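# Fold and geometry: a report
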Amino acid sequence: MSNQTEQGYFTEENSAEVVVSRNANASDARLAELMEAITRHLHAAVKEVEPTQEEWFKAIMFLTETGHKCDDWRQEFILLSDVLGVSMLVDAINNRKPSGASESTVLGPFHVPDAPERPMGADICLDGKGDRMLVKGRILDTDGNPIAGARIDVWQTNDDGFYDVQQKGIQPDFNFRGVFRTGADGVYWFWGAKPKSYPIPDDGPVGKMLAALGRHPYRPAHLHYIIEAEGFETLVTHIFDPRDEYIHSDAVFGVKQSLMAEFELVEDKARIEAKGAQAPFFEVKHDFVLAGTS
Ligand code: BEZ
Ligand code: FE
């Protein structure tokens with residue numbers, strides 16, 4: 001049977017056009033658009049690199065191993081997207097913020113949806129390890145007004161550089177996680193311990209790829225936030241320690257200048273006592289500005 005959409009027989013020169021024209025009857029226009037772009041760029045890359053059969057098979061086996069590494073707890077394809085910078089690019093495209101609003105960054109795989117709501121000022125460090133840290137700030141709109149009733153979901157690594165879900169049975173459940181809700185002043189504060197830089201899971205094909213490319217798997221120390229409030233766009237972001245050794249080489253490209261926070265070491269006795277602390281601690285002040293929906 002003849003096919004009206006066929007561009008002739010497949011040749012090295014017209015390879016992409018022939019494949020794209022074969023999809024002309026796709027019922028989903030967005031899928032057809034996506035597959036056209038992927039086909040064109042993939043064929044262009046193959047024409048540029050001219051892989052040998054062995055090299056192409058190696059690429060196929062890399063993707064095969066990436067799939068085999070995935071299960072309910074491990075998503076190696078997301079890690080691949082992360083280290084290729086694609087997760088951050090999709091995040092940037094989908095979170096273009098108005099001027100003055102806080103910037104977003106990657107969610108990462110370690111968020112849990114059912115972290116406990118805690119009273120403002122609570123300590124999210126349940127294992128007693130690490131350098132004490134007080135985190136505080138305000139949730140504001142782009143005019144600088146406080147946002148009441150904002151829901152702040154925060155999570156971070158413990159002093160060993162692991163999330164609780166990576167060490168079930170070793171760390172207490174919900175260690176370094178909490179949900180806080182702002183009052184009329186938009187203020188939030190909680191106690192924790194200074195987070196540590198840590199490697200993204202690197203015992204799979206993505207880790208092998210990073211090593212082969214001379215790249216390390218580390219993320220600079222950070223705290224994760226999801227901030228939600230009625231009438232505002234949800235903000236998924238982090239704050240980073242600018243003094244971290246990996247701040248300029250985050251394995252997943254999540255760092256932005258505006259997300260740097262100052263981790264001030266408080267050693268002054270009066271300030272230590274004023275906070276009811278027993279010893280020096282780090283104080284981190286950071287305001288978040290939410291963009292309105294509309
Ligand atoms: C994280 O920050 O939790 C994370 C982000 C991307 C990949 C792995 C971990
Ligand atoms: Fe993280």
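Residues numbered from 1 in each chain as written. Chains lettered and ligands numbered in written order. Predicted model: local features only at pLDDT ≥ 70, side-chain atom pairs only at ≥ 80, totals over all residues. Heavy atoms only, no water.

## Some remarks on the pairing of strand β10 (residues 281-285)
Of all five residues in β10, four are buried, a share of seventy percent or more. Bridge analysis of strand β1 (residues 132-141) against β10 gives four bridges, and the strand direction is parallel. From the neighbouring strand, V135 faces β10, where its bridge partner is V284. Relative to β10, strand β9 (residues 262-266) runs antiparallel, the two being bridged by five bridges. Its bridge partner being in β10, F263 is matched across the sheet by V284. (Buried < 20%, exposed > 50% of the residue type's maximum accessible area, 1.4 Å probe, protein only. Helix = DSSP H or I, 4+ residues; strand = E, 2+ residues; numbered from the N terminus. Pairing = 2+ DSSP bridges.)

## Examining the packing of aromatic side chains
Enumeration over the complete set of coordinates arrives at nine aromatic pairs. Consider the rings of W191 and F281, whose centres lie 5.2 Å apart with planes at 70°: the pair is edge-to-face. On the criterion of sequence distance, the pair formed by W191 in strand β4 (residues 187-193) and F281 in strand β10 is long-range, its members being 90 residues apart. Taken together, the ring pairs connect F180, Y188, F190, Y225 and F288 into an aromatic cluster. (Phe/Tyr/Trp six-rings, centres within 6.5 Å; stacked < 30°, edge-to-face > 60°.)

## Overview of helix α5 (residues 86-94)
Buried within α5 we find S87, M88 and D91. Down the axis of α5, the buried set is contained in an arc of 95°. They therefore lie on one face. Along its buried surface, α5 packs onto α4 (76-83). (Arc of directions from axis to C-beta. Contact = heavy atoms within 4.5 Å.)

## Looking at the coordination of the iron ion (ligand 2)
Distances from the iron ion (ligand 2) to its protein donors, Y163 (OH), Y198 (OH), H222 (NE2) and H224 (NE2), fall at 1.9 to 2.1 Å. Coordination geometry of the iron ion (ligand 2): the six donor atoms subtend angles of 53 to 165° at the metal centre, consistent with an arrangement described as irregular. Positions of the donor residues of the iron ion (ligand 2) along the chain correspond to the pattern Y-x34-Y-x23-H-x1-H. Here Y198 is found in strand β5 (residues 198-199), whereas its partner H224 is found in strand β7 (residues 222-228), with 26 residues between them in sequence. Y198 sits in the buried class, given a relative accessible area of 4%. (Donors = N, O, S within 2.8 Å, 3.2 Å for Na, K, Ca; no water. Tetrahedral: all angles 85-135°; square planar, octahedral: opposite > 155°, others 65-115°.)

## Looking at the sheet that holds strand β2 (residues 151-155)
Overall, antiparallel pairing links the four strands, which are arranged β3-β2-β7-β8 in an open sheet. Each of the sheet's edge strands pairs with one partner strand only, and the pair in question is β3 (177-181) and β8 (235-240). Across this sheet, the average inter-strand angle for adjacent strands is 20°, counted without regard to direction. The sheet contact formed by β2 and β3 spans five bridges and is antiparallel. Among the inter-strand pairings, D153 is bridged to a residue of β3, identified as V179. (Axes fitted to C-alpha atoms, helices over the stretch in contact; angles between N-to-C directions.)

## Observations concerning the domain arrangement of the chain
The assigned domain composition of the chain is domain 1 (1-50) and domain 2 (97-197 + 213-290). Here the C-alpha centroids of domain 1 and domain 2 sit 46 Å apart. (Domains from an automatic or database assignment.)

## Structural notes on the environment of P51
As for its placement among the helices and strands, P51 is situated in the loop between α2 (29-49) and α3 (53-68). Setting aside residues up to four positions removed in sequence, P51 forms contacts with V46 and W56.

## Quick notes on the nonpolar core
One recurring pattern in soluble globular proteins is that nonpolar side chains are buried together. Counting residues in each nonpolar core, the largest one holds 27 residues, and the members touching the most others are I139, F190, L223, Y225 and I227. Those elements giving two or more residues to this core turn out to be β1, β2, β4, β7, β8, β10 and β11 (288-290). Setting aside its immediate chain neighbours within four residues, Y225 contacts V135, I152, D153, V154, W155, Y188, F190, L235, V236, T237, I239 and F288. Counting eleven residues, the second-largest nonpolar core is a separate cluster that includes L80, V83, I200 and A251. (Core = buried A, V, L, I, M, F, W, Y, C linked by side-chain atoms within 4.5 Å.)

## Regarding the side chain of H43
Within the element layout of this structure, H43 appears in helix α2. A distance of 2.8 Å separates the side chain of H43 from the side chain of S15, its partner in a polar contact. Ignoring sequence-local partners within four residues, the contact set of H43 consists of F10, S15, A16 and V19. (Polar contact = N/O pair within 3.5 Å; in protein donor to acceptor, adjacent residues only side chain to side chain.)

## A word on the side chain of T157
Within the secondary structure, T157 sits in the loop between β2 and β3. Among the residues examined, T157 registers a relative accessible area of 1% and is labelled buried. In terms of polar contacts, T157 uses its side chain to reach the backbone amide nitrogen of K196, at 3.5 Å. With residues near it in sequence (within four places) discarded, T157 still touches F162, Y163, F176, P195, K196 and Y198.

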